[in-house]
Amino acid sequence: MQVLGEDIGGSGVKGAPVDVKKGDLLAKRFRIPTPRSGKPQAIAETVAELVDQFKWNGLVGCGFPAAIQGGVALTAANVDKSWIGTDAVRLFSQTTNCKTYVVNDADAAGVAEMRFGAGRKAKGVVLMITVGTGLGTALFTDGALVPNCELGHILLRGKDAELYASDAARQRKNLSWKAWGKRFNEYLSRLEALLWPDMFIIGGGASKKFSNFADQLSVKAKVVPAQMLNEAGIIGAAIFAYEKSRGKK
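Residues numbered from 1 in each chain as written. Predicted model: local features only at pLDDT ≥ 70, side-chain atom pairs only at ≥ 80, totals over all residues. Heavy atoms only, no water.

Trainee: Please clarify how the overall build of the chain should be interpreted in this entry.
Mentor: Looking only at helices and strands, the chain features 8 helices and 15 strands. Scaling as 2.2 N^0.38, a compact globule of 249 residues should have a C-alpha radius of gyration of about 18 Å, and the chain matches this with 17 Å. Along the first, second and third principal axes, the C-alpha set of the chain runs to 50 × 40 × 30 Å. When the 249 residues of the chain are sorted by exposure, 55% land in the buried category. One finds the centroid of the 33 positive side-chain charges in the chain at a distance of 3 Å from the centroid of its 23 negative side-chain charges. (Helix = DSSP H or I, 4+ residues; strand = E, 2+ residues; numbered from the N terminus. Rg over C-alpha atoms; globule rule 2.2 N^0.38 Å. Buried < 20%, exposed > 50% of the residue type's maximum accessible area, 1.4 Å probe, protein only. Lys, Arg positive; Asp, Glu negative; His and termini not counted. Charge placed at Lys NZ, Arg CZ, Asp CG, Glu CD.)

Have a look at this one:
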């Protein structure tokens, strides 16, 4: 089964057709800069531009930087605040003339990792954390997604955890990977005390530097780097759309 997957971010909208049974891109991914306004209609037109690029007329899945409930955006990260309350599924479906499903972008990356990456065949509670400008999180129990877990915003030392332990925080404070690793371990320890996961999967840019800070991590859960890298959001959004179209939760 082929689905067009799109990964919508604050700086770019990336997409490619995906073989959802194998987790492979079927064409080279294409990227279009995110409209500067970040407003709903402008982004919808960019999503449609990618559909046109691949001459697509089938199912579309989009990862989007917001909590999504019933197709509606409840938050807005790195896009215009007018997204809050917008029915993203309806807007994208109308603009693309394709049946479209929308999922939180961190959840999309997590779905890809659980199906074809570091979390494949993992049992129990798995928490994927994408480390970048912020801390995106995707929570799974026995492979089933618990959507919209914004665990990058738990309080740590009196502030949003992502302001203390994200890669942006590391760069802002000019920290070595070892020094940042101690901060990140503090974040993981807090999550472990709340959720007791069996495994943490570390994604985002920090996953490529995992060996530089792994020895600073002392949590009981297994901690592994993500494997799908830059393709995770596209592949996960496509899988999500395929499963939703078939009535799977």
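Now that the structure has been shown, we can carry on.
Trainee: What should I look at first to understand helix H2 (residues 88-96) in this one?
Mentor: Working note: α-helix, 3.6 residues per turn, so residues spaced by three or four point in the same direction. Every buried residue belonging to H2 is among Ala88, Val89, Leu91, Phe92, Ser93 and Thr96, and all of these are buried. One side-chain oxygen at the N-terminal end of H2 lies 3.3 Å from the backbone nitrogen of Val89; it belongs to Asp87. Just past H2, the residue Asn97 takes up positive phi, approximately 60°. (Polar contact = N/O pair within 3.5 Å; in protein donor to acceptor, adjacent residues only side chain to side chain.)

Trainee: Help me out: how do you make sense of the side chain of Asn104 in this one?
Mentor: Positionally, Asn104 belongs in strand E8 (residues 100-104). Polar contacts involving the side chain of Asn104 include one to the main-chain carbonyl oxygen of Ala66, which spans 2.9 Å. Looking at Asn104, its side chain comes within polar contact range of the main-chain nitrogen of Asp107, at 3.0 Å. Beyond its immediate stretch of four places on either side in the chain, Asn104 contacts Phe64, Ala66, Ala67, Ile68, Asn148 and Glu150. (Contact = heavy atoms within 4.5 Å.)

Trainee: Please clarify how the packing of helix H3 (residues 105-116) against helix H8 (residues 232-245) should be interpreted in this entry.
Mentor: For any two helices packed against each other, one specifies the crossing angle of their axes together with the interaxial distance. Running from N to C, H3 and H8 cross one another at 85°; their axes reach a closest spacing of 7 Å. Compared by their axis directions, H3 and H8 come out roughly perpendicular. Packed against H3, whose contacting residues are Ala108, Ala109, Val111, Ala112, Arg115 and Phe116, the element H8 presents Ala232, Gly233, Ile235, Gly236, Ala237, Ile239 and Glu243 at the interface. For the contact of H3 with H8, the per-class residue count stands at 9 nonpolar, 2 polar and 2 charged. (Axes fitted to C-alpha atoms, helices over the stretch in contact; angles between N-to-C directions. Parallel < 35°, antiparallel > 145°, perpendicular 65-115°, else oblique. Nonpolar A, V, L, I, M, F, W, Y, C, P; charged D, E, K, R; others polar.)

Keep in mind these values describe shape, not function.
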